[in-house]
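# Descriptive structure summary
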Amino acid sequence: MTRRRLTLVRERASLCNRRHKALEGANLKLGAVATDRLGVSSRRILRELATRPEATPADLAGLALGTLQKKRDDLTLALEGRMNDHHRFMIGQLLDPIEELDRRIATFETRIQELSAPFAEAVARVDTHVGISETAAHALVSEIGADMSRFPTAGHLASWLGLCPGNNESGGKRLSGRTRKGNVYARAVLVQVAHVVCRMPTTQYWALYRRIAARRGKKRALIAVAHAVVVTLWHLLTRGQDYQEPGPDALVKRNPERELTLLRRRAAQLGHDLVPQLQAA
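In this text, all values refer to a predicted model and were calculated from it rather than measured experimentally. (Residues numbered from 1 in each chain as written. Predicted model: local features only at pLDDT ≥ 70, side-chain atom pairs only at ≥ 80, totals over all residues. Heavy atoms only, no water.)

Here we take up helix α12 (residues 218-239). Taking 1.5 Å of rise per residue, 22 residues should cover 32 Å, and α12 covers 32 Å from first to last C-alpha, within 8% of that figure. At the exit of α12 stands Gly 240, carrying a positive phi of roughly 70°. (Helix = DSSP H or I, 4+ residues; strand = E, 2+ residues; numbered from the N terminus. Expected span 1.5 Å × (residues − 1).)

In this section: the pattern of salt bridges. Inspection of the entire model under this criterion finds 17 salt bridges. For Asp 102, the salt bridge is made with Arg 43, and the minimal N-O distance between the two is 2.5 Å. In this pair, Asp 102 is assigned in helix α6 (residues 85-115) and Arg 43 in helix α3 (residues 40-51), connecting sequence segments 59 residues apart. Owing to a relative accessible area of 22%, Asp 102 belongs among the partly exposed residues under this scheme. With a shortest N-O distance of 3.3 Å, Arg 111 and Glu 114 are connected by a salt bridge. Linking Arg 111 with Glu 114, this pair stays in helix α6, spanning 3 residues, or about one helical turn. (Salt bridge = Lys/Arg side-chain N within 4 Å of Asp/Glu carboxyl O. Buried < 20%, exposed > 50% of the residue type's maximum accessible area, 1.4 Å probe, protein only.)

Taking 1.5 Å of rise per residue, 12 residues should cover 16 Å, and α3 covers 17 Å from first to last C-alpha, within 8% of that figure. What α3 keeps buried is the set Ser 41, Ser 42, Ile 45, Leu 46, Glu 48, Leu 49 and Ala 50. Where α3 is buried, its residues meet α1 (2-25), α2 (30-33), α4 (57-61), α5 (72-78) and α6. (Contact = heavy atoms within 4.5 Å.)

Moving on to the packing of helix α9 (residues 154-161) against α12. Running from N to C, α9 and α12 cross one another at 130°; their axes reach a closest spacing of 9 Å. The angle between α9 and α12 falls in the class oblique. Crossing of α9 over α12 shows right-handed handedness. Judged by residue contacts, Ala 154, Leu 157, Ala 158 and Leu 161 of α9 engage His 227, Val 230, Val 231 and Trp 234 from α12. Partitioned by chemical class, the residues of the contact of α9 with α12 number 7 nonpolar, 1 polar and no charged. (Axes fitted to C-alpha atoms, helices over the stretch in contact; angles between N-to-C directions. Parallel < 35°, antiparallel > 145°, perpendicular 65-115°, else oblique. Left-handed = near helix turned anticlockwise from the far one by under 90°. Nonpolar A, V, L, I, M, F, W, Y, C, P; charged D, E, K, R; others polar.)

A separate point is the environment of Ser 41. Relative to the helices and strands, Ser 41 is located in helix α3. On the basis of relative accessible area, Ser 41 is assigned to the buried category, the value being 9%. Taking the C-alpha atoms as reference points, Ser 41 and Ala 124, separated by 83 residues in sequence, lie 34 Å from one another. Excluding residues within four positions of it along the chain, Ser 41 makes contact with Ala 64, Leu 65 and Leu 68.

Moving on, we get to empty space enclosed by the protein. The full count for this structure, using the stated rule, is 1 cavity of 30 Å³ or more. Computed from the structure, the largest cavity encloses a volume of approximately 40 Å³. Taken together, Leu 140, Ile 144, Leu 157, Leu 161, Leu 190, Val 230 and Leu 233 make up the lining of the largest cavity. Put simply, the parts of the chain that give the lining of the largest cavity at least two residues each are α8 (134-144), α9 and α12. By residue class, the composition of the lining of the largest cavity is 7 nonpolar, no polar and no charged. (1 Å grid on protein atoms, 1.4 Å probe; cavity = no way out; pocket = protein on both sides within 12 Å on 5 of 7 lines; lining within 4 Å. Points joined across faces, edges and corners; volume = space filled by probe spheres on them.)

The next point concerns a nonpolar patch on the surface. Taken together, the side chains of Leu 260, Leu 263 and Leu 274 present a nonpolar region at the surface, about 240 Å² in accessible area. Mapped onto the elements, Leu 274 comes out in the segment after α14 (256-269). Classification of Leu 274 by relative accessible area gives partly exposed; the value is 44%. (Patch = residues over 30% accessible without salt bridge, like charges linked within 9 Å, V, L, I, M, F, W, Y side chains within 5 Å. Areas by Shrake-Rupley, 256 points an atom, 1.4 Å probe, with all protein chains shown as cover.)

The next subject is a positive patch on the surface. A cluster of basic residues, Arg 215, Arg 216, Arg 220, Arg 258 and Arg 265, forms a positive patch on the protein surface. Every element with two or more residues in the positive patch is listed here: α11 (204-216) and α14. With respect to the helices, strands and loops of the structure, Arg 216 is situated in helix α11. (Lys, Arg positive; Asp, Glu negative; His and termini not counted. Charge placed at Lys NZ, Arg CZ, Asp CG, Glu CD.)

Structure (structure tokens):
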């Protein structure tokens, strides 16, 4: 069910991109003014645009609701395009499938909620992790399950998901460390979560991402963050605990000597020496 929901979401995104392309072809800059290009106001404007060729930009801007009403002048300018019958036909034909997909996605959401009732505790526990929404929690629990006894260690789970370095060695020489192929659905969700948490300065993952990206690159750092998230989720589900954020200085507290070594090395590169401060008796 979660995989089918993902397929529907991707289909909807594709149609939204096609609709945006049709608007850009008509030189209509609705997205530059309206934050949600498929919100209630935007849909009213697009529906009127597709069915009423005689409607003026001012008439269309008058259909705005809520806070968008304050931007009527900007909307009027954004809707002064070069519309023809082809653009109206394409926009009208793309609106109906998008609305149908919205209804189908909502139906799948309801069904997933019903089927996930036996795993409600695991879903709620995964949802406590920073950067993971309820939708992502449903997708992860549906892929990795709620019983972690099938994975002896967190490393086994990460290996099954394809989020650990590859083990390719021949003749005593280590070859490519490319990650193996794992569960593509769970891996995609975890990489999306990594994109979110590495931009949160109050989390441990922010510090981990910055440390690895500086010497290994951004893509490898994202995989490393996703791996760290997997390890955390395994411990949460194994111990039955909710997530507690240790903070961005968690790596320093865990291994202060390593941090001190890095600081000494950095100071030496700048031509300085670190002098230990004597503690008062």
